[in-house]
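Close look at the chain arrangement
Read off the chains here:
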Amino acid sequence: MKEYIKCLLILIFFSCTNDPGKNLNISGSIKGLRKGKLYLQKYTDDTILVNIDSLKVDGVENFEFNDSLAEGQFYYLALKKDETDTTIQKIPFFAEKGNIRINTRLNTFLSSAKVEGSENQMLWDEYLMIMRKFNNQNIELVKNYLEKKGEFDSKQRDVLFEKKNSLINRKKILFSLNFAMNNSDKEISAYIGLYELNNISRKYLDSLYSKLNNEIKYSFYGKKLKKKLDDSI
């Protein structure tokens, strides 16, 4: 009987929070969460992070938010455990129209997060996986550099380090550019051009922008990428 009442309360909660006029539904659960406050956040055009909605948690692990979304954009699911908590944990995710589900755990809020329902998020996860491999190569390079200190001329060692480090960084840039171009019909492509390709010639960035379809060019990140290009002239 208690389980029935609990399920009924959750069903009533979801039916009350669901707004049929909004095209983005974000739901999920945070295992182990009993009390706290959840926030749905995103950046506005003037790069200010704002709270779209909030939810006070009291004994229910499940949550649901709704919003109106014109095109794919990064959102944040933020958690404040209690009023004295000075650290607000955030899960970034690439939202798009439809249903997004986020499941995670209280103790490993960010690292355990699994986001489903967004093609842009799937691409972003794939991109981050490759970038982590490049970053691990950089770490290994620094480790080898320090371990071999004194084995040969320091100037020669420094030159070799710079060459290898530069090669890894060029590979990272080339991969990022190709990844964005290969996914030019998704908002993630403009996002990568805007935030991940800062050390690249303008002509390559312009080539990426020209390959975007009109829907992406006029998206939230597409317009910002155009401004970045215009400001670099």
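Residues numbered from 1 in each chain as written. Predicted model: local features only at pLDDT ≥ 70, side-chain atom pairs only at ≥ 80, totals over all residues. Heavy atoms only, no water.

**What about the overall build of the protein chain?**
Put simply, the rule is: Put simply, DSSP H or I for four residues or longer makes a helix, DSSP E for two residues or longer makes a strand, and each gets a number counted from the N terminus. Between buried and exposed lies partly exposed: a residue is buried under 20% and exposed over 50% of the maximum accessible area for its type, with that area taken using a 1.4 Å probe on protein chains only. We call two residues contacting when some pair of their heavy atoms lies within 4.5 Å. Only the protein chains shown count as cover for residues, and all accessible areas are computed by the Shrake-Rupley method using a 1.4 Å probe.
The helix and strand tally for the protein chain stands at seven helices and eight strands. Put simply, the protein chain has 233 residues, and 38% of those count as buried. If you take every contact in the protein chain between residues at least 6 apart in sequence, the share linking residues at least 24 apart comes to 61%. When the accessible area of the protein chain is evaluated, it comes to approximately 14100 Å², of which 52% is carbon and sulfur surface.

**Some points on the sheet that holds strand β3 (residues 49-58)**
Sheets are built from strands that pair by backbone hydrogen bonding, the pairs being arranged parallel or antiparallel. This is how the line gets drawn: Two strands qualify as a pair provided DSSP detects at least 2 bridges between them. Each axis is a line fitted through C-alpha atoms, and for a helix only the stretch in contact is used; angles between axes span 0 to 180 degrees, taken between their N-to-C directions.
Here four strands make up an open sheet; going across it, the order is β3-β2-β5-β6 and the pairing antiparallel. The sheet terminates laterally at β3 and β6 (89-95), the two strands that pair on one side only. On average, each strand axis in the sheet is tilted by 20 degrees relative to the strand beside it, whichever way the strands run. Bridging between strand β2 (residues 35-43) and strand β5 (residues 73-80) involves six bridges; their strand directions are antiparallel. For leucine 40, the partnering residue across the bridge sits in β5 and is leucine 77.

**Observations concerning the packing of helix α2 (residues 119-147) against helix α4 (residues 187-195)**
Condition: Angle categories are assigned with fixed cut-offs, so that under 35 degrees is roughly parallel, over 145 is roughly antiparallel, 65 to 115 is roughly perpendicular, and the rest are oblique.
One can describe the packing of α2 onto α4 by two numbers: an axis separation of 9 Å at closest approach and a directional angle of 40 degrees. Relative to α4, the element α2 lies oblique. Of the residues in α4, those touching α2 at Asn120, Leu123, Trp124 and Tyr127 are Glu187, Ile188, Tyr191 and Ile192.

**Side note on the pattern of salt bridges**
It is possible for side chains bearing opposite charge to pair when their charged atoms get close. Basically, it comes down to this: For this document, the term salt bridge refers to a Lys or Arg side-chain nitrogen within 4 Å of an Asp or Glu carboxyl oxygen.
In total, this model carries six salt bridges according to the counting rule given. Across the pair arginine 34 and glutamate 61 runs a salt bridge, and its minimum N-O distance is 3.0 Å. Taken together, the residues arginine 34 in the loop between β1 (24-31) and β2 and glutamate 61 in the loop between β3 and β4 (62-67) connect sequence positions 27 residues apart. With its nearest N and O atoms 3.0 Å apart, the salt bridge here joins aspartate 58 to lysine 35. Of this pair, aspartate 58 sits in strand β3 while lysine 35 sits in strand β2; the two residues are 23 residues apart in sequence, bridging distant segments of the chain. Lysine 35 matches aspartate 58 in its accessibility class, with the two residues each being exposed.

**Some remarks on the sheet that holds strand β8 (residues 114-116)**
Pairing in this open sheet of four strands is mixed, and the strands run β4-β1-β7-β8 from one edge to the other. Both edges of this open sheet fall to β4 and β8, since each of them pairs with a single strand only. Pairs of neighbouring strands in the sheet enclose a mean axial angle of 15 degrees, with direction left out of account. Note that strand β7 (residues 98-105) and β8 share three bridges and pair antiparallel. Across the sheet, arginine 101 pairs through a bridge with glutamate 116, a residue of β8.

**Some remarks on the packing of aromatic side chains**
Let me state the cut-off plainly: Two aromatic rings from Phe, Tyr or Trp, using only the six-membered ring of Trp, form a pair when their centres are within 6.5 Å; if the ring planes differ by under 30 degrees the pair is stacked, by over 60 it is edge-to-face, and anything between is tilted.
Counting across every chain of the model gives 18 aromatic pairs. Look at tryptophan 124 and tyrosine 127: their rings are 5.4 Å apart centre to centre, the planes differ by 20 degrees, and that puts the pair in the stacked class. Residue tryptophan 124 and its partner tyrosine 127 are located together in helix α2, separated by three residues, close to a single helical turn. Residues tryptophan 124 and tyrosine 127 agree in their burial class; the two are buried. Grouping aromatic residues by their ring pairs yields a cluster made of Phe74, Phe94, Trp124, Tyr127, Phe134, Phe175, Phe179, Tyr191, Tyr195, Phe220 and Tyr221.

**Some words on α4**
With eight of nine residues buried, α4 lies mostly within the body of the structure. Every buried residue of α4 is accounted for by Glu187, Ile188, Ser189, Ala190, Tyr191, Ile192, Gly193 and Leu194.

**So, the confidence of the model for the protein chain**
Our working rule: The quantity called pLDDT is the predictor's confidence in a given residue, expressed from 0 to 100.
The predicted model of the protein chain averages 88 in pLDDT, with 89% of residues at 70 or higher. Note on residues 4-17: pLDDT under 50 across the span, and ten contacts to partners over four residues away in sequence or across chains.

**A few points about the pairing of β2**
In this sheet, β3 lies alongside β2 in antiparallel orientation, the contact comprising nine bridges. If you follow glutamine 41 over to β3, its bridge partner there is asparagine 51. Between β2 and β3, which pair antiparallel in sequence order, lie five residues; one of them, threonine 47, sits at a positive phi of approximately 60 degrees.

**A word on the pairing of β5**
In the case of a regular strand, side chains alternate between the two sheet surfaces. Within β5, eight of the eight residues are buried, leaving the element largely enclosed by the surrounding structure. Here seven bridges tie β5 to β6, and the two strands are oriented antiparallel to one another. Looking across to β6, one finds that alanine 78 is bridged to lysine 90.

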